[in-house]
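Here's the letter readout for the chains.
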Amino acid sequence: MTHSPEVLNFVLIDFKGGATFTKLDVLPHTSAVITNLEDELPLVDRMSDAINGELIRRQELLRKAGQYASQRDYEKARAAGAPLAPLPSLLIICDEFSELLTAKPDFIDMFVQIGRVGRSLGVQPAAGLAALGGGAACAGWTPTCPTGLGLRTFSAVESRIVLGDNAAFELPRSPGHGYLRFGTEPLRRSGRRTSPGCTGATPRPWRRGGYRPRSPATT
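Chemist: Just give me the short version of the side chain of His29, but keep the residues and values in it.
Modeler: Among the secondary structure elements, His29 is positioned in the loop between β1 (8-14) and β2 (30-35). Of the polar contacts made by the side chain of His29, one reaches the backbone oxygen of His3; its length is 2.6 Å.

Chemist: Break down the pattern of salt bridges for me, with residues and values.
Modeler: Considering all chains together, one arrives at six salt bridges under this definition. Linking Glu54 and Arg57 is a salt bridge whose minimum nitrogen-to-oxygen distance equals 2.9 Å. Of this pair, Glu54 and Arg57 both sit in helix α1 (residues 42-66), three residues apart, roughly one helical turn. Its relative accessible area of 39% is what places Arg57 among the partly exposed residues.

Chemist: Please provide a residue-by-residue account of the side chain of Ser70, values included.
Modeler: Considering the arrangement of structural elements, one finds Ser70 in the loop between α1 and α2 (71-79). Once residues within four sequence positions are removed from consideration, Ser70 is found in contact with Leu62 and Ser120.

Chemist: I'd love a proper account of the sheet that holds strand β5 (residues 147-150), names of residues and values included.
Modeler: Within the open sheet, the three strands sit side by side as β5-β6-β7. Their pairing is antiparallel. Every interior strand has two partners, whereas the edge strands, β5 and β7 (188-190), have only one. Direction aside, the axes of adjacent strands within the sheet are offset by 20 degrees on average. Where strand β6 (residues 178-182) and β7 come together, three bridges link them in antiparallel fashion. Along β7, the bridge assignment pairs Tyr179 with Arg189.

Chemist: So what about unusual backbone geometry? Which residues, and what values?
Modeler: Here the phi dihedral of Lys23 falls at roughly 75 degrees; this positive angle occurs in a residue that is not glycine. If you trace the backbone, Lys23 turns up in the loop between β1 and β2. Using a relative accessible area of 67% as the deciding quantity, one classes Lys23 as exposed. The phi dihedral of Glu96 is positive, around 55 degrees, even though this residue is not glycine. Assignment of secondary structure puts Glu96 in the loop between β3 (89-95) and α3 (97-103).

Chemist: Could you give an account of α2, naming the residues involved and the relevant values?
Modeler: Among the residues making up α2, those that are buried are Gln71, Tyr74, Glu75 and Ala77. Mapping the buried residues of α2 onto a view down its axis gives an arc of 160 degrees, with all of them on the same face. Residues Arg72, Lys76 and Ala79 are exposed on α2 and point more than 90 degrees away from its buried face. The secondary structure elements touched by the buried residues of α2 are α1, β3 and α4 (107-121). Gly81 sits one or two positions beyond α2 and adopts a positive phi of about 115 degrees.

Chemist: Run through the nonpolar core, naming residues and quoting values.
Modeler: If you look at the biggest cluster of nonpolar residues, it comprises 30 residues, and the most contacted ones within it are Ile13, Leu37, Met47, Ile92, Phe107 and Ile114. Going through the elements one at a time, β1, β2, α1, α2, β3, α3 and α4 are the ones with two or more residues in this core. Sort the elements by how many residues they give to this core and α4 lands first, with seven residues. Those residues in contact with Ile92 that lie beyond four places of it in its chain are Val11, Ile13, Ile51, Phe111, Ile114, Val123, Gln124, Pro125 and Ala126. Grouped together as the second largest cluster of nonpolar side chains are six residues, Val162, Leu163, Ala167 and Leu171 included.

What counts, and where the lines are drawn
Residues numbered from 1 in each chain as written. Predicted model: local features only at pLDDT ≥ 70, side-chain atom pairs only at ≥ 80, totals over all residues. Heavy atoms only, no water. Helix = DSSP H or I, 4+ residues; strand = E, 2+ residues; numbered from the N terminus. Polar contact = N/O pair within 3.5 Å; in protein donor to acceptor, adjacent residues only side chain to side chain. Salt bridge = Lys/Arg side-chain N within 4 Å of Asp/Glu carboxyl O. Buried < 20%, exposed > 50% of the residue type's maximum accessible area, 1.4 Å probe, protein only. Contact = heavy atoms within 4.5 Å. Pairing = 2+ DSSP bridges. Axes fitted to C-alpha atoms, helices over the stretch in contact; angles between N-to-C directions. Arc of directions from axis to C-beta. Core = buried A, V, L, I, M, F, W, Y, C linked by side-chain atoms within 4.5 Å.

Take it as geometry only, folks, not as evidence of what the structure does.
This is the structure:
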């Protein structure tokens, strides 16, 4: 709502092809919507290759543009007047992540790589899970991700994987409660908000620049 497509882009992945990202494909920020991978597992490998290719492209762009150490340094130089093309932050959001790992366990390696090298390149992963099951694969990824949001979990083990604490397992059963983990800071408790201000429209200053939705690549 407050960041232009020159600042922020999305890749939206829904393993089961549900309605999670319905209508978000029309956002000018959306670079790609990838769905129905459950029925076309070879597409997961193609998606991994595409994401890895984007990481390499960004590394080469930063090097050729002036040996910039990170996307943040690159964008600071652009804001100061350097003749550089925009390099927006890229948020890769994957829903039904545990289902994807059940079908393609080696995909966790890609998310670990993004968590390890993606931050300096402006690429951040986010995974949504209804349940972790055994959680072994996810446990291998969470150390590379500084932020975790846990709603009430089915077990204390799941809570520890996401938050490093049993707190999410001890939440009330009523909806709207959760804990936020950010780095090594104390857990932050969140709850449902009913303030009338939450329903108001947020200004979209990026629209003044004449941005128009573009057709995203859809699989």
